[in-house]
Amino acid sequence: MTEHPPEPALAANTAALYERIRGDEALTQALFRQALQDPKGTLERIIAMGTQLDLPVTEASVRQHLASLDDPDSKQWLIKARGGL
C-alpha cells in the first residue's frame, strides 16, 4: 500500500498540480479529451503526473479539489467529463 502525505499536504499538492495542468493548454486539452472517453484513466494519469512532479495526490484529493473549484472554465470541463470524475 502506498503511503500518502497528510490531508493538508495532499490538498496543497493537488492544488499545485492543478495549476500546473491549467498552465499547459495542450495538456489541459489532452486530459479533457481523455476524460470524455476514459475518466478513470484520466484520474490515473493525473495521479501519475503528481508522482512524477513530486506532488503526490490521491484520487480522493483530486475529486475533492475539482469539486471545490468555482471558476466557469473548470465547471464546464467537469460537466462534460463528469462520467468518472
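Our structure's up above, just so we're on the same page.
Below: a short report on this structure. (Residues numbered from 1 in each chain as written. Predicted model: local features only at pLDDT ≥ 70, side-chain atom pairs only at ≥ 80, totals over all residues. Heavy atoms only, no water.)

## Structural notes on the overall build of the chain
Looking only at helices and strands, the chain has five helices and zero strands in total. Order of helices (α) and strands (β) in the chain, N terminus to C terminus: α-α-α-α-α. The 85 residues of the chain split such that 38% are buried. Looking at the chain as shown, the accessible area adds up to about 5,400 Å², and 54% of this sits on carbon and sulfur atoms. (Helix = DSSP H or I, 4+ residues; strand = E, 2+ residues; numbered from the N terminus. Buried < 20%, exposed > 50% of the residue type's maximum accessible area, 1.4 Å probe, protein only. Areas by Shrake-Rupley, 256 points an atom, 1.4 Å probe, with all protein chains shown as cover.)

## Regarding the side chain of Thr42
Residue position: Thr42 is located in helix α3 (residues 39-52). Looking at Thr42, the relative accessible area reads 0%, which means it is buried. The contact partners of Thr42, leaving out residues within four places of it in the chain, are Leu31, Gln34 and Ala35. (Contact = heavy atoms within 4.5 Å.)

## Focus: helix α2 (residues 25-37)
Taking 1.5 Å of rise per residue, 13 residues should cover 18 Å, and α2 covers 19 Å from first to last C-alpha, within 8% of that figure. Every buried residue of α2 is accounted for by Leu27, Thr28, Leu31, Phe32 and Ala35. Along the axis of α2, the buried positions cluster into a sector of 135°, meaning they face one direction only. For α2, the exposed residues set more than 90 degrees away from the buried face come down to Glu25, Ala26 and Gln37. The N-cap residue of α2 is Asp24: its side-chain oxygen and the backbone nitrogen of Ala26 are 3.2 Å apart. (Expected span 1.5 Å × (residues − 1). Arc of directions from axis to C-beta. Polar contact = N/O pair within 3.5 Å; in protein donor to acceptor, adjacent residues only side chain to side chain.)

## Observations concerning the nonpolar core
Core analysis: the biggest nonpolar cluster contains 13 residues, and Leu17, Ile21, Ile46 and Val62 have the highest contact counts within it. Of all the secondary-structure elements, those providing two or more residues to this core are α1 (7-22), α2, α3 and α4 (59-68). Ignoring any residue separated from it by four or fewer positions in sequence, one finds Leu17 in contact with Ile46, Met49, Gly50, Leu53, Leu55 and Val57. (Core = buried A, V, L, I, M, F, W, Y, C linked by side-chain atoms within 4.5 Å.)

## Some points on the pattern of salt bridges
One pass over the structure, following the stated rule, counts three salt bridges. Note that Glu19 and Arg22 form a salt bridge whose closest N and O atoms lie 4.0 Å from each other. Here Arg22 and Glu19 lie together in helix α1, a separation of three residues that amounts to about one turn. The exposure class of Glu19 is partly exposed, given its relative accessible area of 45%. The partner of Lys40 in a salt bridge is Glu59, and the shortest N-O contact between them spans 2.6 Å. Within this pair, whereas Lys40 is found in helix α3, its partner Glu59 is found in helix α4, the two being separated by 19 residues in sequence. Residue class for Lys40 comes out partly exposed when judged on its relative accessible area of 41%. Classification of Glu59 as partly exposed rests on a relative accessible area of 25%. Where salt bridges share partners, they join Lys40, Glu59 and Arg63 into one cluster. (Salt bridge = Lys/Arg side-chain N within 4 Å of Asp/Glu carboxyl O.)

Just geometry here; none of it tells us what the structure is for.
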